[in-house]
Structures are given as structure tokens and as C-alpha cells.
Amino acid sequence: MITTADAVEQEAERLLRALLHVDCEPQGRTWNLDTCRAIAPLTLEINRLKQERGAVILAHSYVEPEIIYGVADFRGDSYFLSLKAREARAKMIVFAGVVFMAETAKILSPAAQVVVPDRGSGCSLADSITGEGVRRLKALCPDATVVCYINSTAEVKAESDVCVTSGNVYHIVANLPTRRILFVPDRLMGQNLRDELRRRGVDKEIITSDGTCMVHDQFGPADIAAARAQFPGLKVVSHPECTPEVAAASDFVGSTGAMMKYVKTTVAPYFLMLTECGLVGRLQVETPEKSFIGGCRLCPYMKLNSLEKVRDALVAPRPDQIVTLDETLRLRAARCIERMFELSPVD
Ligand code: 13P
Ligand code: SF4
């Protein structure tokens, strides 16, 4: 007969097999059997609660690895997770990520109760512009198609014509019929978009608002030059929220999902990942044979997620953990996201 102690030991061993190689320098945490034993009762409880509540847990690749590999049903980038939210037939969706991602899940799966572990998990991009701000910009360029990056509030999506993610932005904007594009809220992604479309010979005028990601705007070309001097053969992999100078000096630029795919399919002695540390953790789990040199940074919002908060949200979500949206606003925002699904490239 399996005792509680046996179940905890088995769970600790399962967690350790996944987390063994995760080594996040900024957090200074290492994984061993004792640390896994300490969290095993919690992951067992969450996995039991999930069944009882008919819940599904979606986790962005930037959240803590014990959430990603301990309790998440689906893990990935914003595009993948919004597809999963749209397909979910669950009674409850727990979104371990940031608030705009949970809002997107509620827009796409209105019948589900969608909860966020921590209501404070904002995003410097999503927080940089309001619906009113978009309306003001639209009045200045009424002939532009309004494209919003998914890192935006439901209110901003409701004001936009089409939503994009880091994985489909170039393809979708290149194929829009209008020349003039109002792109919100990421100024740096807008600049990268302008550069990439010029490289592809696509004639578009890209007007941007002034948001930036507080994590990705910190990397500079000097980080890349110093790393290349020290590690010959290094491959530099960056996210399109980085500056155009960083993008230009990188070997590959793409969404977190595309960055993972690139590393998995590229042979190189070292990789420098210019993104949030959680992605490096995922790669350490899934490609333990590869070497990553320092560089990544923490997103303070993503790091507000914890197993305890996920458990509390499953047991009895507090009002501040439950995502609610006005139905008229939700329908307008849904149109903009559905347009993205229609225009996305097929993999
Ligand atoms: P991805 O969709 O590429 O995962 O990006 C989300 C994000 O917030 C990056 O900072
Ligand atoms: Fe927002 Fe940047 Fe954090 Fe992504 S990493 S959630 S863009 S603040």
C-alpha cells in the first residue's frame, strides 16, 4: 500500500528528475532531493485539487520551474497559451503568468472561471497605454490599421483591429492591406518590425506608442560583444522586445517558443539567451547537454507566481484573483484576437 510518505517521496523524485539541471544565477537556487521533498506535498495537493475542480493550469515559460514542471498542464509562449485557453473546456483556468495573459484567456474562454495567482502580476508594456490612449492616437492617424501586441489590456485590444504576438507579428503586419500601421504598446518591437519589413522589401509605415519591456530593454549590444569575445562560437538568441541594436547583433530573434526551437535545433558550444531567466530554466530541463552563459534577467511580475498562490486560487479564489470583464468590451477584444488566429501563419 502506498503511504502518504511514499507518495511524497515519489513526487519528490519526479520533481527532481525534471528540475535537477535548473540553475538560475540571479535567484541563487539549486535543486536537490531536500528542496523537492519540501514542495512535493504542495504539488500533490495542487494536482489533486485540479481534478476536483475541473481546472487546467496554463503556465508561461517565465514562471518558476516548480510550477512549469510540477503542476502545469500546458507551458509555452503567449500564442500557444492563448490557443490552449481557447480550446479549454475546463470549468476553471488558473493562469500562472501575468494579468494580461489571464485576461486573454477569459476573452477566449468566457464560460470558464479564470484566475490569476497574484493580481499584482502586471507588465510594463501592458501598463504603458490605456484604451483612452489608443483612442487619442487613432484620432491622429485615422487611416492606420491598429495592431496591438498581445502584451496589452483587454481595453486596448477592444480598441484595436488585430492582435499579434512575438511569434506572428512580422507575418501578420506584412500581409495587412493598409500601408500605415499604428502599433501599440511596444516601441522597440515596433522598431524591430520596421527593420524586418524593410529587410523583406515590404513597404509599411509603422507608428508606435512608447512602451517598453522593463526586462528586455535592459540588454545592450555591449553585453553581446563582451560575451562573443569570451566565448568563441557563441550563439546569441534574443526576443523582439529587445532594442534594434541587440536584435541586429543577435544570431536569432524570435518569440520564447521560437527561441526554444532554435536552441534545440542548433549546434553551438554556448548560447547567450537575452530574455527572462525562466526560459533558460526550461532549456536547462529540456536540453541539459547545452551550455548557457549568463545574461538573462528576472521579470518581477512573472516571479510573483508561486505554488502556494496557485493552491490558494484553486481552494477558494479571492475576488482579486478572479478575472472579470464587461461583456461588450470582451466581445470587442475577442474580435481583435480572433482576427489574429485567422491571419497567423500555419505551422
Ligand atoms: P512570448 O509570447 O514570446 O513568450 O513573450 C511574452 C513576453 O511577455 C515576453 O516578455
Ligand atoms: Fe511584461 Fe517584460 Fe515581464 Fe514580459 S518580461 S511580462 S513583457 S514586463
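Preceding this paragraph is the structure being described.
A quick note: this is a predicted structure, and the numbers were derived from the prediction, not measured.

Bridge count between strand S7 (residues 180–184) and strand S8 (residues 205–208): four bridges; the pairing is parallel. Opposite Arg180, over in S8, you have Glu205 as the bridge partner. After leaving S7, the chain enters helix H9 (residues 187–199) and then returns to the sheet as S8, a path that is right-handed.

In the neighbourhood of ligand 1, the contacting residues comprise His60, Tyr62, Asp77, Ser78, Tyr149, Asn151, Ser166, His216, His239, Glu241, Ser255 and Thr256. The side chain of Glu241 places a nitrogen or oxygen atom 2.8 Å from an oxygen atom of ligand 1. Of all the cavities here, the one that holds ligand 1 is the largest cavity. Split into classes, the residues belonging to the shell around ligand 1 amount to two nonpolar, eight polar and two charged.

Moving on to helix H6 (residues 131–140). Quick reminder: α-helices carry 3.6 residues per turn. Residues three or four places apart thus point the same way. For H6, the full list of buried residues reads Gly131, Gly133 and Val134. Along H6, the residues classed as buried sweep out an arc of 155° about the axis, all on the same side. Away from its buried face, by an angle of more than 90 degrees, H6 presents the exposed residues Arg136, Ala139 and Leu140. Close packing links the buried residues of H6 with strand S5 (145–149), helix H7 (154–158) and S7.

Attention now moves to unusual backbone geometry. Here the bond from Val184 into Pro185 is cis, since omega is -5°, no more than 30 degrees from zero. Looking at the secondary structure, you find Pro185 in the loop between S7 and H9.

Let's shift gears to the site of ligand 2. With respect to spatial proximity, the complete set of residues near ligand 2 consists of Tyr62, Cys123, Ser124, Leu125, Asn151, Cys213, Met214, Val215, Glu241, Cys299 and Met302. Judged by its atoms lying within 2 Å of the grid points, ligand 2 is housed in the largest cavity. A per-class count over the shell around ligand 2 returns eight nonpolar, two polar and one charged.

Rules used throughout
- Residues numbered from 1 in each chain as written.
- Chains lettered and ligands numbered in written order.
- Predicted model: local features only at pLDDT ≥ 70, side-chain atom pairs only at ≥ 80, totals over all residues.
- Heavy atoms only, no water.
- Pairing = 2+ DSSP bridges.
- Helix = DSSP H or I, 4+ residues; strand = E, 2+ residues; numbered from the N terminus.
- Right-handed = clockwise from strand over helix to strand, strands pointing away.
- Near = heavy atom within 4 Å.
- Polar contact = N/O pair within 3.5 Å; in protein donor to acceptor, adjacent residues only side chain to side chain.
- 1 Å grid on protein atoms, 1.4 Å probe; cavity = no way out; pocket = protein on both sides within 12 Å on 5 of 7 lines; lining within 4 Å.
- Sits in = over half its atoms within 2 Å of the grid points.
- Nonpolar A, V, L, I, M, F, W, Y, C, P; charged D, E, K, R; others polar.
- Buried < 20%, exposed > 50% of the residue type's maximum accessible area, 1.4 Å probe, protein only.
- Arc of directions from axis to C-beta.
- Contact = heavy atoms within 4.5 Å.

Such coordinate-based values are descriptive only and should not be taken to indicate function.
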